[in-house]
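Structural description and commentary
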Amino acid sequence: MSQQGYVAAPPYSQSQPGIGGFSAGFGPPSSSHHYGDPNSYSAPQPVVSKSDVPFGSSAPVGPPPPGTHQIGQTNTQNGPSTAGQQPHSHQTQPAYPNTASTSSTAQLANQLSSMQINSYGPGTTPSSCPSGHPASFQGPQLLPPAQQQVALPPGPWIPPPAVKSLCAQPSLPPMVRQDGIPAPVPPNPNLQQLSGQPPGPGYPQQANYGPQMAGSPLSYPGAFPGGPAQLSGPPQKKLDPDAVPSPIQVIENDKASRGGQTYATNIRGQVPPLVTTDCIIQDQGHASPRFIRCTTYCFPSSSELAKQTRIPLAAVIQPFAVVPPNETPLYIVNHGETGPIRCNRCKAYMCPFMQFIEGGRRYQCGFCSCVNDVPPFFFQHLDHVGQRVDHYERPELSLGSYEYVATLDYCRNSKPPKPPAYIFMIDVSYRNIKSGLVRLICDELKTLLDKLPREDQEESSAIRVGFVTYNKVLHFFNVKSSLARPQMMVVSDVEEVFVPLLDGFLVNFQESRSVVISLLNQIPEVFADTNESETIFAPVIQAGVEALKAAECAGKLFIFHSSLPTAEAPGKLRNRDDKKLLNTDKEKTLFQPQVNAYEALARDCVANGCCVNLFLFPNQYVDVASMGLVTMYTGGTLYKYNNFQLDADSSQFLSDLRRDVEKKTGFDAIMRVRTSTGFRATDFFGAIYMNNTTDVEMAAVDCDKAVTVEFKHDDKLSEDSGALIQCAVLYTSVSGQRRLRIHNIGLNCSSQVADVYKTCETDALINFFAKSAFKAILSQPLKTVRDILVSQTAHMLACYKKNCASPSAVSQLILPDAMKVLPVYINCLLKSCVLMGRPEIPMDERAHQRQLVMSMGVAETQLFFYPQLLPIHSLDLKSDVVPAALRCSEERLSEGGVFLLANGLSLFLWLGVSAPPELIQGLFNVPSFAHINAEATSLPDLDNPFSKKLKAILEHLQGQKPYTMKLVIVKQREQPEMLFRQLLVEDKSIYGGGSYMDFLFCLHKEICQLLS
């Protein structure tokens, strides 16, 4: 059956030697080089390996089948892209200044350029217009019912021989040669090299800044060492980068069609707007996509079909997601002592999927079909269509999400819970005192404790607070309101930690305000002369757990810590940062905790509802994989501020601390996911702890945490009743009330493969793939994990091409419309520092990013893997509209521009050397580019339209993001540009990992092998 899709073609018809190190047999574990293997970006080999797939003669010549459309004609404008600009070289790049090699520029672009694109549409000429003006392509612009395609030249691609002299010209396919005289390929005029100026430190020296020799440079074995080998001859065309699917275009199209509208959740299996689209969500029976998003909204009806498509069936559940003020908050249902109504057999909670029968006296469960009696107090008559007459008055019958007040049966020891407590635990070792960090924390807490979270209707917070300081020993403080001043008690036995006081440790801040303020004033003074530089860590957490246990309440620990815990105590750690383990089978051990103490501690924390938030301030290796384990298992958050400087970093840290203390949180939580018959939840990923196979335990769960759940078939699914999912979270509220939060969603089922592909959501798929890969690296080599990712992506796309697309040549890459940008996201995931073992990337950074991604929701992973690049120089000062984002590629930058790049963790403001002086004056209050201080981490407050508009954009970007992004100012050709370039994810990574084009080729080859 024919299904609307997206067709691209691989850049060339035979496998190329040495393209980014892909071997011809890419995919099976037996092949020597693998996509994304950081060590496989070697110089190209003279041996040419032939692909098994008969690429050469398969492309159609002449007119295409009716209803096809070539990629080069798609009218997508994503910012200024310039024909001659080439991406980074495919040689391994050293990561630090003064070591960049002068290897050749990208081979991929050159081989792309040797491809003739047959232009089919009426009135089109061969693709000769500059790619910066795609509007000048003629021909039909609408998506045809079949696909869009690029045809390749017939005949085999003849590989270049080993070149002995720089003038030798390799033979090219007959169709590729064009008439005309050799002419220089124009460089990207946006990024010219200033005369007499070497490229700035910190990025590859060969990045294209100067004028080029005739032809396109290619690196061949045997060529002049260190210099680019030249391919003289006729000028060659370059595939327009706007011709491959663009995430930006997909995002903008969705905003245009669904932005600002009301999305009602009244239809089972409908696909919601993208996470990047702003709209108003109206709950009409299925949970809002803010709470649940699925990888596909139509499940295959059988396990055989699921195996065939290889599309993961998963839901990303963010149970406490923030509901914006213009949407209805969740209703709370209270049935008094009877408690929530549940199915007798499967224990599902009353919801819109229950069917009332026998005049309303009984109901049939939508999940297990069991018929239950309706409790007398809940009885109501049915109307003429069999619906209860009070249907719309009861949230549990008409809404997808709501809350129940739980009874004592749902409480620990059948006793009502006490309100939670927050314990602040401050490392007062030498470095933290001298850096001013301890004083900063104490000063902030004086005002922050007034903003503890409370129920909407309450006047003050019910949360109690306690304080501990530590270095090699622990200091507890009694801040009872009846005391004149605080009392300190020292616990030096760190092997068996105990809490030296019960009464007076946890207090209500309002009642003990004067004693607490007095303590916060004294702490920096008491430890001002300390020389103690060693610290403990595990006993600090143990002390927090014991305190909460003694108080019989759940709570959060806020730990502020700065160094590797080397003092003699449980949980003592050594520096095990061993670069020799990278890219070996033992690399996985670096992501695992080095001692068992932390796993046992995490179990103890979860069992007692103790969530651990860790604020780390390291200036060297601190073993995040070990120290962050308890944070991850308890639903906490790990914040990390490398080489913390008071003036540069305090605003970022304080912003994170304020948001964390104030945010909406459920304590001592257990989540269970129930499904209708035929499938079940099998795997869970997130900041969670699993004691058994069904209960997801979280000492706390906040508005930013998401749990990704994978489902598998255990029987056939019915197309009539669909696939139903109910997520129930039992938790304690900030006021100490035990509640159940219920989210329900219904999905469709189909025996047609095309229906499954049509309703896929790429952003949810990437969330799933990232979490499952980041979990897998604990037990498998990174290379295996990367191979599995590529293989699964290829299988998904091959199944689509085989079963849903109209017959097409083997040389065409056909992508389902809903998945057309999946390859670019998968490539970004493969290039992430977590999956790239490189000596230049600190192990702590990789462990930290792994931990953050494991608890991210769909919106966060979307932005993290494909950052937002905004052209600030093209701001419209008269309107409130933020300029449209550009694709993340160096090609989109221009010397006269100013660009903002954000991925949710980092925020860069990149300034081109020729940025307009009036813009620089408006933003920085200095006359020229040279006067800008790149050390600044914030923009000055200026009273002009440029400055106000950029500040508004920065605030909007920060918005509801879980982490505060510190602004880094990057001047073109200066050191920090290397960090900025790592986020230009469509280009080749300087740490290895191919460009988007590289990956499309590699993926296409894998698909062809699967289908041959």
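Before reading on, note that the structure itself is shown above.
Residues numbered from 1 in each chain as written. Predicted model: local features only at pLDDT ≥ 70, side-chain atom pairs only at ≥ 80, totals over all residues. Heavy atoms only, no water.

Let's talk about the overall build of the protein
To be explicit about the condition: Starting at the N terminus, helices and strands are each numbered in turn, a helix being any DSSP run of H or I of at least four residues and a strand any DSSP run of E of at least two. The buried label applies to any residue whose accessible area, calculated with a 1.4 Å probe on protein chains only, is under 20% of its type's maximum; exposed applies above 50%, and partly exposed to all values in between. Residue contacts are defined here by distance: any two heavy atoms, one from each residue, within 4.5 Å place the two residues in contact. Residue exposure ignores everything except the shown protein chains as possible cover, and the areas themselves are Shrake-Rupley values with a 1.4 Å probe.
Along the backbone of the protein there are 22 helices and 31 strands. Counting over 1012 residues, the protein shows a buried share of 61%. Of the contacts formed within the protein by residues at least 6 apart in sequence, a portion of 75% connects residues at least 24 apart. Roughly 37600 Å² of accessible area belongs to the protein as shown, and the carbon and sulfur atoms make up 53% of that amount.

Focus: the pairing of strand β6 (residues 314-317)
The following threshold applies: Only when DSSP finds a minimum of two bridges between them are two strands counted as paired.
Burial along β6 is two-sided: A314 and V316 facing one way and A315 and I317 facing the other are all buried. Both strand β4 (residues 292-294) and β6 contribute to a ladder of 3 bridges, which runs antiparallel. Residue pairing in the sheet places R293 in a bridge with V316 of β6. With 4 bridges joining them, β6 and strand β24 (residues 707-713) adopt antiparallel strand pairing.

What to know about a nonpolar patch on the surface
As a reminder of what qualifies: Nonpolar side chains (Val, Leu, Ile, Met, Phe, Trp, Tyr) within 5 Å and like charges within 9 Å form the patches, drawn only from residues with over 30% relative accessible area and no salt bridge. Counted as salt bridges are all cases of a side-chain nitrogen of Lys or Arg within 4 Å of a carboxyl oxygen of Asp or Glu.
A contiguous nonpolar surface patch, about 260 Å² in accessible area, is contributed by M488, V490 and V526. Counting through the fold element by element, V526 comes out in helix α7 (residues 513-526). With a relative accessible area of 49%, V526 lands in the partly exposed category.

Notes on the packing of helix α6 (residues 437-448) against helix α12 (residues 646-662)
Note the following rule: Whenever a helix is involved, its axis is fitted only over the stretch in contact; in every case the axis is a line through C-alpha atoms, and angles between N-to-C directions fall within 0 to 180 degrees. The sense of a crossing depends on the near helix, which, turned anticlockwise from the far helix by less than a right angle, makes the crossing left-handed and, turned clockwise, makes it right-handed. In this classification, the charged set is Asp, Glu, Lys and Arg, the nonpolar set is Ala, Val, Leu, Ile, Met, Phe, Trp, Tyr, Cys and Pro, and all remaining amino acids, among them Gly, are polar.
Relative orientation of the contacting elements α6 and α12 amounts to 40°, with a least axis distance of 11 Å. Along this stretch, α6 crosses α12, giving a crossing that reads as right-handed. Along the contact surface, α6 presents L437, L440, I441, E444 and L448, while α12 presents L646, S650, F653, L654, L657, R658, V661 and E662. Looking at the contact of α6 with α12 residue by residue, the class counts come to 9 nonpolar, 1 polar and 3 charged.

Describing the nonpolar core
The nonpolar side chains of soluble globular proteins are, as a tendency, buried together. Counted only if it meets this: Residues belong to a common nonpolar core when they are buried Ala, Val, Leu, Ile, Met, Phe, Trp, Tyr or Cys residues joined through side-chain atoms within 4.5 Å.
Counting 158 residues, the largest nonpolar core has F424, F467, F560, F653, L900 and F924 as the members making the most contacts within it. Here this core gets 10 residues from one element, more than from any other, and that element is helix α15 (residues 782-803). Excluding its chain neighbours within four sequence positions, the residues that come into contact with F467 are F424, L445, L449, H475, F476, F477, V479, F505, V516, L519 and L520.

Examining the packing of helix α8 (residues 538-551) against helix α9 (residues 597-607)
Spelled out, the test is: When describing relative orientation, an angle under 35 degrees is termed roughly parallel and one over 145 degrees roughly antiparallel, while 65 to 115 degrees is termed roughly perpendicular and anything else oblique.
Closest axis-to-axis distance for the α8/α9 pair is 10 Å, and the angle between their directions is 20°. Classified by the interaxial angle, the pair formed by α8 and α9 is roughly parallel. For the element pair α8 and α9, the recorded crossing hand is left-handed. Counted together, A538, I541, Q542, V545 and K549 of α8 and Y598, L601, D604 and C605 of α9 form the full contact between these two elements. Partitioning the contact of α8 with α9 into residue classes produces 6 nonpolar, 1 polar and 2 charged.

Describing the sheet that holds strand β9 (residues 362-364)
Pairing in this open sheet of 3 strands is antiparallel, and the strands run β8-β9-β10 from one edge to the other. Edge positions in the open sheet fall to β8 (355-357) and β10 (371-373), since each of these has one partner strand only. On average, each strand axis in the sheet is inclined to that of its neighbour by 35°, with strand direction left out of account.

Some thoughts on unusual backbone geometry
Of note in the backbone geometry, S369 takes a positive phi value of approximately 70° without being a glycine. When you line up the elements, S369 lands in the loop between β9 and β10. Phi is positive for N925, which is not a glycine, with a value near 60°.

Looking at the sheet that holds β6
Read across the open sheet, the 4 strands follow the order β4-β6-β24-β21; overall the sheet is antiparallel. Edge positions in the sheet fall to β4 and β21 (679-685), since each of these pairs with one other strand and no more. Taken over all neighbouring pairs, the strand axes of this sheet differ in orientation by 25° on average, direction set aside. Bridge count between β21 and β24: 6 bridges; the pairing is antiparallel. Residue pairing across strands places D683 opposite E710, the latter belonging to β24.

Things to note about α15
Each α-helix turn comprises 3.6 residues. Residues three or four places apart therefore point the same way. Definition in use: A helix's residues, less one, multiplied by 1.5 Å, set its expected span.
In a regular helix each residue adds 1.5 Å, so 22 residues correspond to 32 Å; α15 covers 32 Å between its end C-alpha atoms and thus fits that length. Burial runs high along α15: 16 of the 22 residues are buried.

Comments concerning the pairing of strand β20 (residues 665-675)
In terms of burial, β20 is largely enclosed, as 9 of its 11 residues are buried. As judged from the 6 bridges shared by β20 and strand β23 (residues 696-702), these two strands associate in the antiparallel manner. Among the inter-strand pairings, F667 is bridged to a residue of β23, identified as A700. Pairing of β20 with strand β25 (residues 723-732) involves 7 bridges; the strand directions are antiparallel. Its bridge partner being in β25, V673 is matched across the sheet by C727.

Description of the environment of P417
With respect to the element layout, P417 can be found in the loop between β11 (401-405) and β12 (421-427). The residues contacting P417, other than those within four sequence positions of it, are C411, T732, G736 and R738.

Examining the side chain of Q849
Within the secondary structure, Q849 is located in helix α17 (residues 843-854). Sequence-distant contacts of Q849, defined by excluding residues within four places in its chain, comprise C833, V834 and F864.

Section: the pattern of salt bridges
Think of it this way: side chains of opposite charge can pair up when their charged atoms draw near. Applying the stated criterion to the full structure yields 49 salt bridges. Two residues, R394 and D390, come together in a salt bridge whose shortest N-O distance is 2.9 Å. On the basis of relative accessibility, which here comes to 5%, the residue D390 falls in the buried class. In this structure, D503 engages K480 in a salt bridge whose closest nitrogen and oxygen atoms are separated by 2.5 Å. Remark: K480 occurs in the loop between β14 (474-478) and β15 (487-491) and D503 occurs in the loop between β15 and β16 (507-508); sequence separation between them is 23 residues. According to the relative accessible area criterion, K480 is partly exposed, its value standing at 31%.

Comments concerning the environment of P453
Position of P453 relative to the elements: it lies in the loop between α6 and β13 (464-470). Under the relative-accessibility criterion, P453 is labelled buried at 9%. Taking the C-alpha atoms as reference points, P453 and E662, separated by 209 residues in sequence, lie 5.2 Å from one another. The contact partners of P453, leaving out residues within four places of it in the chain, are Y422, S461, I463, V661, E662, K663 and V734.

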